[in-house]
Amino acid sequence: MKRVVQWVCFLMLSFFWAVPAWAETELPALKTHVVDPSDLLPAAEEADIERRLDDVRQTRGFTIVALVVSSLDGEPIEDLAYRAFNKWGIGDRQRDDGVLLVISANDMRSRIETGKGIGGELTDLESAEILREVVSKPMHEGKLVEAVDAGTRAIEARLADR
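Residues numbered from 1 in each chain as written. Predicted model: local features only at pLDDT ≥ 70, side-chain atom pairs only at ≥ 80, totals over all residues. Heavy atoms only, no water.

Participant: Help me understand the overall build of the protein chain in this model?
Facilitator: Each helix and strand in the protein chain was counted, giving 6 helices and 4 strands. Order of helices (α) and strands (β) in the protein chain, N terminus to C terminus: α-β-α-β-α-β-β-α-α-α. Residue burial in the protein chain is summarised as follows: out of 162 residues, 38% are buried. Long-range contacts, defined here as pairs at least 24 residues apart, represent 67% of the contacts in the protein chain between residues at least 6 apart. Carbon and sulfur atoms form 54% of the exposed surface of the protein chain, whose accessible area is close to 9,500 Å². (Helix = DSSP H or I, 4+ residues; strand = E, 2+ residues; numbered from the N terminus. Buried < 20%, exposed > 50% of the residue type's maximum accessible area, 1.4 Å probe, protein only. Contact = heavy atoms within 4.5 Å. Areas by Shrake-Rupley, 256 points an atom, 1.4 Å probe, with all protein chains shown as cover.)

Structure representation (structure tokens):
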């Protein structure tokens, strides 16, 4: 009987350990500053935001990337943001000065992930304020372009004195 209980416990632990791997959102390669694998943003508006974020990178020296997904598929947004930020290596490797804005349309969740080189200039408190005061309303109204544009502009403004 003890062996059966051990076997059942092993199977249960194996199942629960494997579930997060099934739930992970697939990340495409990072080729642009706006990553929209589900094509939720209209192409023209996405291109406008892309041009602006590329200009920020070239003129200001730090990188802002926006990731817009339709659903988190059960994955915590914190995990997706951390995984994407690290997989893509956002920002300069030496300065670790990248910022990632993640918006999940169906889940109505958003998150800002920062590199260590930005953390003192864009704190968790300031990031939460941007999400609450700038990103949340348009996101909840289904205005994803406005949420991405306003969110990335607010991040840029907070880093203006950099």
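Don't stop here, the text continues.
Participant: Help me out: how do you make sense of the pattern of salt bridges in this one?
Facilitator: Pairs can form between side chains of opposite charge once their charged atoms are near each other. Overall, the coordinates contain 16 salt bridges when judged by the stated rule. Glu75 is paired through a salt bridge with Arg83; the nearest N and O atoms lie 2.9 Å apart. Its relative accessible area of 7% is what places Glu75 among the buried residues. One salt bridge connects Arg153 with Asp149, and the closest N-O pair in it is separated by 3.1 Å. Linking Arg153 with Asp149, this pair stays in helix α6 (residues 144-158), spanning 4 residues, or about one helical turn. (Salt bridge = Lys/Arg side-chain N within 4 Å of Asp/Glu carboxyl O.)

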